[in-house]
Amino acid sequence: MRKVEQVAFLDLKAQFSDMEREILAGVQEVCQSAEFVLGSAVGEFEQSFSDYIFSYESEPELSMEQALEQRIQSLSSSTHPNRCVGVGNGTDALEIAIAALDLPPKSEIIVPANAYFACVEAVLNAGMRAVVVDCEEDGSFTPKDSMLTPQTRAILCVHLYGAMQHISAFEAYAQKHSLKLIEDCAQAHGASDEKGRRAGSIGDIACFSFYPGKNLGCYGDGGAVVSKDLALVQKARELANHGQKFANGIWEKNTHLSLGRNSRLDSIQAKILHLKLASLDRHNAHRQRCAREYCTQLERFSYLKLPSVFAQSVWHLFVVECCGRAESKRDELLAFLRQRGVECGVHYPNALSEIAILQACDDVAIHNAPNAKHRASTILSLPIGEHLDFSHIAYIAQVLAEFEQTL
């Protein structure tokens, strides 16, 4: 085994090096075309990403007649060339997705307490109220009737760490209570459920972030809104470009149908994403191999709770939880690993229920969230990504064994 002294959390320089010639040629192509805003590169990526999200192998809920009708609708539609709208970033994507649903002002949207701050931020900026509820002990999220009020209109299903939530339960819950189902897929590029359906293809509307560190990331900010409902795609597309009318594939400039915003995916970023999309499944498969190796190497440590390696996940993050003798020593372990060259993170260090600015907000209703609060103090994200190899994981296991001796 080769000697390892440093393990990066992610290595974007190495990732670029692998595709440097292809990426630079793509950037040059965009620059030579001078189509810098809403150019052909954006449409190219939107179509390829839409195809990737919605072309899963089986659709068990569709009858032959329904499948044929859906296909004809897709082929005959001239105003909706795809089901994806590229936008400026993932937070904008979520806010635009909520706005596209056209919910009554101050409608309540259920949000899990162990998600990122942007989830509540987007709900509030869209003019809605956020209802922050607890996760399960393992960090998963299960919808419950106790989360509802007469003002509840939507639920946010956040696919954390690369694993999809039990989306069938969310579908049933949303249908039973007449709620809109929003998927937050910012950490789930390429993930699928037990039926083979991709993250983003199931809810009423979904959003993605293409922040550089994501499984599919650009070289700056970027995001997307996707939906199987073409009317919602149309609405999101118009909202993202100042509310201007988009018909028959053409923008009617200065014809404003609503108050929108300026949130458009940059053409250069779109080209980069289109090129990187071809490697997404291969990179996700490598992450899955690394996750299995982690579990093999770390299962001997009783002071760590490991994620299930059998879960369907694309492993955006590999999150362990300190328990037993180490339950109160997460920060010590974090420092111990960093001192020995292992870059780690905490996703996230504060439950939404514990953030003061949200506690003070009249449009945020916070339920008791002991599980999210506890996990925020015990979880730790270890390095994972296409830059990682098994020697890195063996070294991390060695460092964890050294830490065990201090307990």
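Our structure is the block above this text.
Every value quoted in this text rests on a predicted model; they were computed, and no experiment measured them.

Chemist: Help me out: how do you make sense of the overall build of the protein in this one?
Modeler: Along the backbone of the protein there are 13 helices and 13 strands. On C-alpha atoms alone, the protein measures out to a radius of gyration of 22 Å, which is about the 22 Å that the 2.2 N^0.38 rule sets for 407 residues. Principal axes of the C-alpha set define a box for the protein whose edges measure 65 × 55 × 45 Å. The buried share of the protein, reckoned over its 407 residues, is 53%. In the protein, the proportion of contacts linking residues at least 24 apart, taken out of those at least 6 apart, comes to 72%. Positive and negative charge centroids in the protein, built from 38 and 51 side chains respectively, lie 2 Å apart.

Chemist: Please clarify how the packing of helix α4 (residues 90–100) against helix α5 (residues 117–125) should be interpreted in this entry.
Modeler: Running from N to C, α4 and α5 cross one another at 40°; their axes reach a closest spacing of 9 Å. The orientation of α4 with respect to α5, classified from their angle, is oblique. α4 and α5 meet at a crossing whose hand is right-handed. Of the residues in α5, those touching α4 at T91, L94, E95 and I98 are A118, C119, E121, A122, V123 and N125. Looking at side-chain class alone, the contact of α4 with α5 contains six nonpolar, two polar and two charged residues.

Chemist: Please explain the state of the cysteines as it appears in this structure.
Modeler: Disulfides are covalent bonds that connect the sulfur atoms of two cysteines. The final tally for this structure, using the stated rule, is zero disulfides. A disulfide-free cysteine, C185 has its sulfur positioned 6.5 Å from the sulfur of C207, the nearest such atom. Its sulfur unpaired, C344 is 10 Å from the next cysteine sulfur, which belongs to C322.

Chemist: Explanation requested: the side chain of E183 in the structure shown.
Modeler: Mapped onto the secondary structure, E183 falls in strand β5 (residues 180–184). Here E183 occupies a buried position and makes no salt bridge, while the nearest side chain of opposite charge, K228, is found at 7.0 Å. A polar contact of 3.0 Å, which involves the side chain of E183, links it to the backbone nitrogen of G200. When residues no more than four places from it in sequence are discounted, the contact partners of E183 are C157, H159, M164, I167, A199, G200, S201, I202, G203, I205, A206 and C207.

Chemist: Help me understand a nonpolar patch on the surface in this model?
Modeler: A grouping of F36, V37 and L38 is seen on the molecular surface, where their side chains present a nonpolar patch of about 250 Å² in accessible area. Inspection of the secondary structure puts V37 in the loop between α1 (12–33) and α2 (40–54).

Chemist: Explanation requested: the nonpolar core in the structure shown.
Modeler: Across soluble globular proteins, nonpolar side chains show a tendency to be buried alongside one another. Ranked by internal contacts, the top residues of the largest apolar core, which has 82 residues, are I109, F318 and L382. The element that contributes the greatest number of residues to this core is helix α13 (residues 390–404), accounting for seven residues. Leave out the neighbours within four places in its chain, and I109 touches I98, L103, V123, M128, R129, A130, V131, A154, L156 and I182. With 39 residues, the next largest nonpolar core counts M164, A174, L179 and V226 among its residues.

Scoring rules and cut-offs
- Residues numbered from 1 in each chain as written.
- Predicted model: local features only at pLDDT ≥ 70, side-chain atom pairs only at ≥ 80, totals over all residues.
- Heavy atoms only, no water.
- Helix = DSSP H or I, 4+ residues; strand = E, 2+ residues; numbered from the N terminus.
- Rg over C-alpha atoms; globule rule 2.2 N^0.38 Å.
- Buried < 20%, exposed > 50% of the residue type's maximum accessible area, 1.4 Å probe, protein only.
- Contact = heavy atoms within 4.5 Å.
- Lys, Arg positive; Asp, Glu negative; His and termini not counted.
- Charge placed at Lys NZ, Arg CZ, Asp CG, Glu CD.
- Axes fitted to C-alpha atoms, helices over the stretch in contact; angles between N-to-C directions.
- Parallel < 35°, antiparallel > 145°, perpendicular 65-115°, else oblique.
- Left-handed = near helix turned anticlockwise from the far one by under 90°.
- Nonpolar A, V, L, I, M, F, W, Y, C, P; charged D, E, K, R; others polar.
- Disulfide = S-S within 2.5 Å.
- Salt bridge = Lys/Arg side-chain N within 4 Å of Asp/Glu carboxyl O.
- Polar contact = N/O pair within 3.5 Å; in protein donor to acceptor, adjacent residues only side chain to side chain.
- Patch = residues over 30% accessible without salt bridge, like charges linked within 9 Å, V, L, I, M, F, W, Y side chains within 5 Å.
- Areas by Shrake-Rupley, 256 points an atom, 1.4 Å probe, with all protein chains shown as cover.
- Core = buried A, V, L, I, M, F, W, Y, C linked by side-chain atoms within 4.5 Å.

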